[in-house]
Amino acid sequence: MKITLAAVLVLLAACSSRAVRLVDNKENLTKDKLAQERIVGGQVAEKGFAKYQISLQGMYGGHMCGGAIIDNEWVLTACHCVDGYNPEFLRVITGTNVYFQPGATYEVDEFWCHCNYDNPTYHNDIAILHLKTPIVYDDLTQPIPLPISPLKDGDEVILTGWGDNVLWGGTPDELHKLYTKFVTYEDCYEIYGGAPMLDVGHICTFTRVGEGSCHGDSGGPLVSNGRLVGLVNWGMPCATGVPDAHCNVYFYLDWIRKVMSQNCRECHCSASNYPFGRNQNGANKY
């Protein structure tokens, strides 16, 4: 599906210029509001639909962000979901469509954010979590393969998460899914009027007004052709008729593999780094 300016002319007149203003004037929409995302216009996912889906929670429960299992000791999510947290305060919930009814719970011992996270603003928003104990796979818990090629214009992308169904609504109990479409970087960049918060490290998705991510979907997986292609980063909340922007997993493959192989861990976060726990950016406070 190729999106043109003509197709969304009325919306773009307000939204694309608004996107640029938001970067220059964050009083209009704080990073906490822009970066955290949830599903609008989707439907309840059937049990076992997204076996790779995790709920990232605090030590006392409560859904914070989504993420994806890529190995029995490794989970991918967005950096803004974990930045400033003590890893020992984080829990990964697997094997369930109801976030407060875990199939299993795993503790995080370390996480790594990309060294250039948020530099420039909204860029390189990816983190990889290492678990204290390996994930036990079963009928409801399985890893998702990483991508082997870039997406093509119009490819179908599946988004899953526990995000709001409406702007500033409550977190739904059940996991939701949304079938959406990949939008090329060139088209997305044009729609956003050249906004500096968008770069080739993002992928964009869009279907129609009233469908998209919203608060709480942050870090959650986007899957195409059976592979993990994206992690929810940011958008114009919520489902306003312009594309959502997500971390492009294919773009960061080399970084992911180097961290997992212990060849690149300069920017890492262990419990000893944050003895008291922090939340510098206000993302997903609980």
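- Naming follows an unreviewed UniProt entry, where the protein appears as Chymotrypsin-2 of Musca domestica.
- For the protein, the Subcellular location (unreviewed entry) comment in UniProt is given as "Secreted".
- Its UniProt record gives the protein the following Sequence similarities (unreviewed entry) comment, quoted word for word: "Belongs to the peptidase S1 family."

### Concerning the overall build of the protein
Working step 1: What the protein contains, in helices and strands, is four helices and 14 strands.
Working step 2: Split into buried and exposed, the 286 residues of the protein put 57% on the buried side.
Working step 3: Summarising the internal contacts of the protein: among those between residues at least 6 apart in sequence, 75% fall at separations of at least 24.
Working step 4: Summed over all atoms, the accessible surface of the protein reaches about 11500 Å², with 51% contributed by carbon and sulfur.

### A word on the side chain of Ser 218
Working step 1: Within the secondary structure, Ser 218 sits in the loop between strand 10 (202-206) and strand 11 (221-224).
Working step 2: Within polar-contact distance, the side chain of Ser 218 engages the side chain of His 80 at 2.8 Å.

### A look at the packing of aromatic side chains
Working step 1: Applying the stated criterion across every chain yields a total of eight aromatic pairs.
Working step 2: Aromatic side chains Tyr 99 and Trp 162 sit 6.4 Å apart centroid to centroid with 75° between the ring planes, which places their arrangement in the edge-to-face category. With Tyr 99 in the loop between strand 5 (90-94) and strand 6 (104-113) and Trp 162 in the loop between strand 8 (156-161) and strand 9 (176-183), this pair connects stretches of sequence that are 63 residues apart.
Working step 3: A connected cluster of aromatic rings, assembled from ring pairs, spans Tyr 99, Phe 100 and Trp 162.
Working step 4: The ring of Phe 49 carries Lys 177 above its face, with NZ or CZ at 4.4 Å from the centroid.

### Some details on the nonpolar core
Working step 1: If you look at the biggest cluster of nonpolar residues, it comprises 25 residues, and the most contacted ones within it are Ile 70, Leu 76, Ile 126, Ile 128, Leu 146, Leu 228 and Ile 256.
Working step 2: Contributing elements (two or more residues each) for this core: strand 3 (63-71), strand 4 (74-77), strand 12 (227-234) and helix 4 (253-260).
Working step 3: Among the elements that line this core, the one with the most residues is helix 4, at four residues.
Working step 4: Residues within four places of Ile 128 in sequence aside, it is in contact with Ile 70, Trp 74, Val 75, Leu 76, Glu 110, Phe 111, Trp 112, Trp 255, Ile 256, Val 259 and Met 260.

### Here's the deal with the state of the cysteines
Working step 1: Scanning all chains against the criterion turns up four disulfides.
Working step 2: Disulfide partner of Cys 79: Cys 113, at an S-S distance of 2.1 Å. In this structure the cystine formed by Cys 79 and Cys 113 twists about its S-S bond by roughly 100°; its chirality is therefore right-handed. Of the two residues, Cys 79 is situated in the loop between strand 4 and strand 5 and Cys 113 in strand 6; the sequence distance between them amounts to 34 residues.
Working step 3: With relative accessibility at 0%, the residue Cys 79 sits in the buried group.

### A short note on the pattern of salt bridges
Working step 1: The final tally for this structure, using the stated rule, is six salt bridges.
Working step 2: In this structure, the salt-bridge partner of Glu 107 is Arg 91, at a minimum N-O distance of 3.9 Å. With Glu 107 in strand 6 and Arg 91 in strand 5, this pair connects stretches of sequence that are 16 residues apart.
Working step 3: Asp 155 is paired through a salt bridge with Lys 152; the nearest N and O atoms lie 3.9 Å apart.
Working step 4: On the accessibility criterion, Lys 152 (54% relative accessible area) is exposed.

### Side note on helix 4
Working step 1: Along helix 4, the positions that sit buried rather than exposed are Leu 253, Trp 255, Ile 256 and Val 259. Across the axial projection of helix 4, the buried residues extend over an arc of 165°, all falling on one side.
Working step 2: The inward-facing, buried residues of helix 4 contact strand 3, strand 4, strand 6 and strand 7 (127-131).
Working step 3: Count one or two residues on from helix 4 and you reach Gln 262, which has phi positive near 65°.

### Examining the confidence of the model for the protein
Working step 1: On average, the protein scores 80 in pLDDT, and the residues at 70 or more come to 75%.
Working step 2: Here residues 1-38 scores under 50 on pLDDT; set against residues more than four positions off or in separate chains, the count is 99 contacts.
Working step 3: Counting contacts from residues 271-286, a segment whose pLDDT is below 50, to residues more than four positions away or on other chains yields 47 contacts.

### Some remarks on unusual backbone geometry
Working step 1: With an omega of 0°, the peptide bond between Asn 119 and Pro 120 qualifies as cis.
Working step 2: Following the sequence through the fold, Pro 120 ends up in the loop between strand 6 and strand 7.
Working step 3: Here Asn 124, not a glycine, exhibits a phi torsion of approximately 55°, which is positive.
Working step 4: When you line up the elements, Asn 124 lands in the loop between strand 6 and strand 7.

Analysis parameters
Residues numbered from 1 in each chain as written. Predicted model: local features only at pLDDT ≥ 70, side-chain atom pairs only at ≥ 80, totals over all residues. Heavy atoms only, no water. UniProt positions renumbered as here; feature names shortened; annotations may be inferred. Helix = DSSP H or I, 4+ residues; strand = E, 2+ residues; numbered from the N terminus. Buried < 20%, exposed > 50% of the residue type's maximum accessible area, 1.4 Å probe, protein only. Contact = heavy atoms within 4.5 Å. Areas by Shrake-Rupley, 256 points an atom, 1.4 Å probe, with all protein chains shown as cover. Polar contact = N/O pair within 3.5 Å; in protein donor to acceptor, adjacent residues only side chain to side chain. Phe/Tyr/Trp six-rings, centres within 6.5 Å; stacked < 30°, edge-to-face > 60°. Lys NZ or Arg CZ within 6 Å of the ring centre and 35° of its normal. Core = buried A, V, L, I, M, F, W, Y, C linked by side-chain atoms within 4.5 Å. Disulfide = S-S within 2.5 Å. Salt bridge = Lys/Arg side-chain N within 4 Å of Asp/Glu carboxyl O. Arc of directions from axis to C-beta. pLDDT = per-residue confidence, 0-100.

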